[in-house]
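A closer look at the structure
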Amino acid sequence: MIRNLDPERRQFYMYMLDLERSQRRNIRLVLEDNDSLRRKQFSYPEFKNAIEKLDPYVDRNMLWTVFKDYLVPGEEKFYYEQFCDTIDDVRRKKIQFESVLKRIYDRILSNEKNIFDLLEAGDQFRDGTSDKNEMLKELSRYGIDLYGQDLENLVFFTDTGKHDGRLSHRELKKLFADYLKSIGKNIDELSRTAHLKGIQ
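All of the points below concern the structure found in this document. (Residues numbered from 1 in each chain as written. Predicted model: local features only at pLDDT ≥ 70, side-chain atom pairs only at ≥ 80, totals over all residues. Heavy atoms only, no water.)

When you go through the protein residue by residue, the secondary structure sums to ten helices and four strands. In sequence order, the protein lays out its α and β elements as α-α-β-α-α-β-α-α-β-α-α-β-α-α. For the protein, the spread of C-alpha atoms along the principal axes amounts to about 60 × 35 × 25 Å. Here the protein holds 200 residues, and the buried ones make up 46% of them. For the protein, restricting intrachain contacts to residue pairs at least 6 apart in sequence, the fraction spanning at least 24 positions comes to 66%. Working note: accessible area of the protein is about 10900 Å², and carbon and sulfur atoms make up 46% of it. The average position of the 36 basic charges and that of the 37 acidic charges among the side chains of the protein differ by 2 Å. (Helix = DSSP H or I, 4+ residues; strand = E, 2+ residues; numbered from the N terminus. Buried < 20%, exposed > 50% of the residue type's maximum accessible area, 1.4 Å probe, protein only. Contact = heavy atoms within 4.5 Å. Areas by Shrake-Rupley, 256 points an atom, 1.4 Å probe, with all protein chains shown as cover. Lys, Arg positive; Asp, Glu negative; His and termini not counted. Charge placed at Lys NZ, Arg CZ, Asp CG, Glu CD.)

Time to look at helix α7 (residues 132-141). Met135, Leu136, Glu138 and Leu139 are the residues of α7 that are buried. Viewed along the axis of α7, the buried residues span an arc of 165°, placing them on a single side of the element. In this structure, α7 carries Asn133, Lys137 and Arg141 as exposed residues pointing more than 90 degrees from its buried face. Its buried side turned inward, α7 meets α6 (115-121), β3 (129-131), α8 (148-158), β4 (166-168) and α9 (169-182). Of the residues flanking the start of α7, the one acting as N-cap is Asp131, its side-chain oxygen 2.8 Å from the backbone nitrogen of Asn133. Once α7 ends, the next one or two residues include Gly143, with phi positive near 95°. (Arc of directions from axis to C-beta. Polar contact = N/O pair within 3.5 Å; in protein donor to acceptor, adjacent residues only side chain to side chain.)

Further remarks concern α9. The end-to-end C-alpha separation of α9 is 20 Å, in line with the 20 Å expected for 14 residues at 1.5 Å each. Taken together, the buried positions of α9 are His169, Glu171, Leu172, Lys173, Leu175, Phe176, Ala177, Tyr179 and Leu180. You can read the cap of α9 off the contacts: a side-chain oxygen lies 3.3 Å from the backbone nitrogen of Arg170, and it is on Ser168. (Expected span 1.5 Å × (residues − 1).)

Let us now look at unusual backbone geometry. The phi torsion of most residues other than glycine is negative, and most of the peptide bonds are trans. The backbone of Arg38 sits at a positive phi, close to 55°, despite the residue not being glycine. Here Arg38 lies in the loop between α2 (27-33) and β1 (41-43). Since its relative accessible area comes to 54%, Arg38 is described here as exposed. The phi torsion at Lys40 lies on the positive side, around 65°, for a residue other than glycine. For Lys40, the position within the fold is in the loop between α2 and β1.

Scanning the entire structure with this criterion turns up 15 aromatic pairs. Centroid distance Phe116 to Phe176: 5.6 Å. Interplanar angle 50°. Geometry classified as tilted. Here Phe176 lies in helix α9 and Phe116 lies in helix α6, a separation of 60 residues in the sequence. The residues Phe116 and Phe176 share a single accessibility class, namely buried. If you follow Lys93 out to its NZ or CZ, it ends over the ring of Phe156, 5.1 Å from the centre. (Phe/Tyr/Trp six-rings, centres within 6.5 Å; stacked < 30°, edge-to-face > 60°. Lys NZ or Arg CZ within 6 Å of the ring centre and 35° of its normal.)

Applying the stated criterion across every chain, the model contains one cavity of 30 Å³ or more. One number sums up the size of the largest cavity: a volume of about 30 Å³. Lining the largest cavity are Glu20, Asn26, Ile27, Arg28, Cys84, Ile87, Asp88 and Arg91. Here the lining of the largest cavity takes four residues from helix α5 (residues 80-110), the largest share from any one element. (1 Å grid on protein atoms, 1.4 Å probe; cavity = no way out; pocket = protein on both sides within 12 Å on 5 of 7 lines; lining within 4 Å. Points joined across faces, edges and corners; volume = space filled by probe spheres on them.)

See the structure below:
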């Protein structure tokens with residue numbers, strides 16, 4: 001399922017990771033604690049109630065959407081372990097991608113320009129996106145070459161989901177801002193242009 005996440009689902013799973021961090025609770029353990037019969041299955045109300053204990057304002061439409069992704073055939077229950085496996089897969093991808101974000105951070109510290117300026121300047125349609133090859137070219141010009149898993153993760157986290165092969169600058173900036181927070185830095189301290197400001 002991890003490879004087929006559209007941007008809305010991807011954002012939801014990223015939100016699940018943020019929820020784990022803010023609540024200092026592992027969602028798999030929360031669901032297991034609420035599974036008194038150890039069936040590893042939940043009805044939608046059981047799933048919703050367990051997640052709403054962590055955040056009563058969680059997007060119920062997205063909860064219903066991901067619930068349907070893991071339905072038990074012929075039943076109105078879902079396998080929560082598969083849901084938790086997807087959270088773990090997104091977590092792994094985010095951790096792997098942090099090495100790329102660290103390289104961007106190191107390059108920003110040592111350059112007069114930053115990668116977000118270059119992406120903005122090369123944005124032909126002025127829509128905050130780049131073709132995958134364009135983004136790779138700009139990253140390479142900036143001294144960051146991506147291959148294999150790093151490239152796959154870039155596409156995973158920044159794909160616009162419009163099936164047009166375009167990658168979102170804003171999503172890359174948000175990931176970068178989150179990375180900076182995780183190392184105790186503030187994006188405004190680094191910002192040499194307005195493009196980086198206000199992405200917190």
